[in-house]
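Residue-level structural notes
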Amino acid sequence: MLCIGIEGTAHTVGVGIVSSDGEILADERDMYHPPKGGIHPREAANHHAEVVVPMVNRAIEDANIRPRDLDIIAFSQGPGLGPCLRTVATAARALSISLMRPIIGVNHCVAHLEIGRMNRADSDPLMLYCSGGNTQVIAYAKRRYRVFGETMDIGVGNMLDKIGIMAGFGFYAGPKIEEMAKKGSELLDLPYSVKGMDVSFSGILTAARQHINNGCSLEDLCFSIQETVFSMLTEVTERAAAQADKKEILLAGGVARNRRLAEMVRVMAEERGATLFEPPFPFFADNGVMIAWNGLIAYSSGQRMTISDTVINQRYRTDQVNVTWRQQPFRAVSK
Ligand code: ATP
Ligand code: FE2
């Protein structure tokens, strides 16, 4: 069985094709780069509308299949930016109707988690999902991905990207901050904001702005942000792992590409006798493969949607998803 997945919740359009034995046949991506500042939802949606159809055609070519070989059409139903979600949902509906194939809407956050479990059907990890718009510690219980803790204001990646704009790094600042942090050494004062298993970042943003206005070293600022913010995330992950009694930890989302964060979580996991695992590196950030894979396991476990069920949901929460596929774990048999 083959599933095509179309991602387009925010900056990136991704089109992936996967088979039910876990083989990745296509992984097309195209990221929208705003000319300046952050993402304007309508401009990003215009970008998505321009690229999505050629990308679907390219993915089908890459996979060396005919369009009618596709069995399922999956798309990112939310959460995300309304105009972007609507554009991608329209493309998915058109494909489903024209090929007469079933359509499945996928929760973007859950797709980030499931791509990490793709070849580990039996795993039951505590998950740290940290990306642009989301920061959550999650564990599975009784058919739901339960949110144990989360950000009380903005997502960690949005915070890094806002600091990046203030510091003149441009949009999508995470990789630049990681690089700059390696050259920093002095720990600047930033608020460490943890409440139970929740975190908050707006105070750090304000403090960072003050440090920049005072002419601080940007290397030291990046170093300090990473050390402070990733310690906060590691602390709440450890607390949730203890509470939920999980022996495995999974990292997910674009910010988890950061190797300093992975290092901190790994040390914590080892100290508690837990195992850390991660998705293959290309699948931390937004991509169509994770949408295709989540659509495929949802469909295989009996989920069905009509076109009228495919209305997008900008605030689709991780814990609203009915996780039918973990009753009888779906197994990818290959690599
Ligand atoms: P969400 O899953 O919340 O919808 P998203 O759609 O914005 O998030 P992702 O690709 O999951 O997209 O994550 C993007 C975020 O990851 C951006 O904020 C980016 O700056 C950040 N990021 C990417 N690489 C790194 C890195 N090496 N270090 C820190 N942050 C990073
Ligand atoms: Fe994402």
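Residues numbered from 1 in each chain as written. Chains lettered and ligands numbered in written order. Predicted model: local features only at pLDDT ≥ 70, side-chain atom pairs only at ≥ 80, totals over all residues. Heavy atoms only, no water.

1. Notes on the overall build of the chain
- Secondary structure assignment for the chain yields nine helices and 12 strands.
- A compact globule built from 335 residues would reach a C-alpha radius of gyration of about 20 Å, and the chain, at 20 Å, matches this within 12%.
- The principal-axis extents of the C-alpha atoms in the chain amount to approximately 60 × 45 × 30 Å.
- The proportion of buried residues among the 335 residues of the chain is 56%.
- Taking contacts inside the chain between residues at least 6 apart in sequence as the whole, the part at least 24 apart equals 77%.
- Taken as a whole, the chain presents about 13900 Å² of accessible surface, with 49% of it coming from carbon and sulfur.
- Seen as two clouds, the 35 positive and the 37 negative side-chain charges of the chain have centres 6 Å apart. (Helix = DSSP H or I, 4+ residues; strand = E, 2+ residues; numbered from the N terminus. Rg over C-alpha atoms; globule rule 2.2 N^0.38 Å. Buried < 20%, exposed > 50% of the residue type's maximum accessible area, 1.4 Å probe, protein only. Contact = heavy atoms within 4.5 Å. Areas by Shrake-Rupley, 256 points an atom, 1.4 Å probe, with all protein chains shown as cover. Lys, Arg positive; Asp, Glu negative; His and termini not counted. Charge placed at Lys NZ, Arg CZ, Asp CG, Glu CD.)

2. Quick notes on the site of ligand 1
- Lining the immediate environment of ligand 1, one finds 22 residues, of which Tyr-129, Ser-131, Asp-161, Glu-178 and Asp-286 sit closest.
- Between ligand 1 and Gly-132 there is a distance of 3.2 Å, counted from an oxygen atom to a backbone nitrogen or oxygen.
- One nitrogen or oxygen atom from the main chain of Val-255 is found 3.4 Å from an oxygen atom belonging to ligand 1.
- Spatially, ligand 1 is embedded in the largest pocket.
- Elements with a contribution of two residues or more to the shell around ligand 1: α3 (108-116), α4 (156-167) and α5 (174-181). (Near = heavy atom within 4 Å. Polar contact = N/O pair within 3.5 Å; in protein donor to acceptor, adjacent residues only side chain to side chain. 1 Å grid on protein atoms, 1.4 Å probe; cavity = no way out; pocket = protein on both sides within 12 Å on 5 of 7 lines; lining within 4 Å. Sits in = over half its atoms within 2 Å of the grid points.)

3. Notes on the pairing of strand β5 (residues 103-107)
- In terms of burial, β5 is a largely internal element, five of the five residues being buried.
- Burial along β5 is two-sided: the residues Ile-103, Gly-105 and Asn-107 and Ile-104 and Val-106 are all buried.
- Judged from the five bridges that link them, strand β4 (residues 72-78) and β5 form a sheet pairing that is parallel. Residue pairing across strands places Ala-74 opposite Ile-104, the latter belonging to β5.
- This β-α-β element, β4 to helix α2 (residues 82-99) to β5, shows right-handed connectivity. (Pairing = 2+ DSSP bridges. Right-handed = clockwise from strand over helix to strand, strands pointing away.)

4. As for the nonpolar core
- Counting residues in each nonpolar core, the largest one holds 50 residues, and the members touching the most others are Met-159, Phe-201, Val-229 and Leu-233.
- Of all elements in the fold, only β6 (126-130), β7 (135-141), α4, α5, α6 (202-213), α7 (218-244), β11 (248-252) and α8 (259-271) reach the threshold of two or more residues within this core.
- Apart from residues lying up to four places away in sequence, Met-159 is in contact with Ile-154, Phe-201, Ile-204, Leu-205 and Val-229.
- If you look at the next biggest cluster of nonpolar residues, it comprises 34 residues, including Ala-74, Ile-138, Ile-297 and Tyr-299. (Core = buried A, V, L, I, M, F, W, Y, C linked by side-chain atoms within 4.5 Å.)

5. Notes on the environment of Met-197
- Mapped onto the elements of the fold, Met-197 is located in the loop between β9 (194-195) and β10 (198-199).
- Not counting the four nearest positions on each side in its chain, Met-197 is found in contact with Val-137, Phe-148, Gly-149, Glu-150, Val-236, Arg-239, Ala-240 and Gln-243.

6. Thoughts on the coordination of the iron ion (ligand 2)
- Looking at the iron ion (ligand 2), the protein donor atoms are His-108 (NE2), His-112 (NE2) and Asp-286 (OD), and they sit 2.1 to 2.2 Å from it.
- Counting along the primary sequence, the residues that act as donors to the iron ion (ligand 2) give the motif H-x3-H-x173-D. Pair noted here: His-112 is in helix α3 and Asp-286 is in the loop between β12 (275-277) and α9 (288-300), with a separation of 174 residues, a long-range link.
- Overall, His-112 belongs to the buried group, its relative accessible area being 1%. (Donors = N, O, S within 2.8 Å, 3.2 Å for Na, K, Ca; no water.)

7. Some remarks on the sheet that holds β7
- Reading across the sheet, the five strands line up as β8-β7-β6-β11-β12 and stay open at both edges, with mixed pairing between neighbours. Of all strands in the sheet, those with a lone pairing partner are β8 (144-150) and β12, marking the two edges. In this sheet, neighbouring strand axes are inclined to one another by 25° on average, regardless of whether the strands run parallel or antiparallel.
- Where β6 and β7 come together, four bridges link them in antiparallel fashion. By the bridge assignment for β7, Cys-130 is matched with Thr-135.
- Set on the sheet, α8 makes contact with β6, β11 and β12; between it and β11 the angle comes to about 170°. (Axes fitted to C-alpha atoms, helices over the stretch in contact; angles between N-to-C directions.)

8. Quick notes on the pattern of salt bridges
- Going through the model one piece at a time under the given rule, you end up with 14 salt bridges.
- The salt bridge involving Glu-114 is made with Arg-117; its shortest N-O contact spans 2.8 Å. Judged on exposure class, the residue Glu-114 and its partner Arg-117 are both buried.
- Linking Asp-124 and Lys-246 is a salt bridge whose minimum nitrogen-to-oxygen distance equals 2.9 Å. (Salt bridge = Lys/Arg side-chain N within 4 Å of Asp/Glu carboxyl O.)

9. Quick word on the domain arrangement of the chain
- For the chain, the assigned domains read domain 1 (2-114 + 283-326) and domain 2 (124-278).
- Just the C-alpha atoms count here: the centres of domain 1 and domain 2 sit 26 Å apart.
- Facing the 25 residues of domain 1 at the interface are 24 residues of domain 2.
- Around 2100 Å² of area is buried between domain 1 and domain 2 when both sides are counted, 62% of it from carbon and sulfur atoms.
- The largest contributions to the domain 1 side of the interface with domain 2 come from Leu-113, Phe-284 and Arg-326, which together make up 36% of the buried area.
- The interface formed by domain 1 and domain 2 holds two salt bridges in total.
- For Arg-326, the salt bridge goes to Asp-124, with nearest N and O atoms at 2.9 Å. (Domains from an automatic or database assignment. Buried area = accessible area lost by both parts, 1.4 Å probe.)

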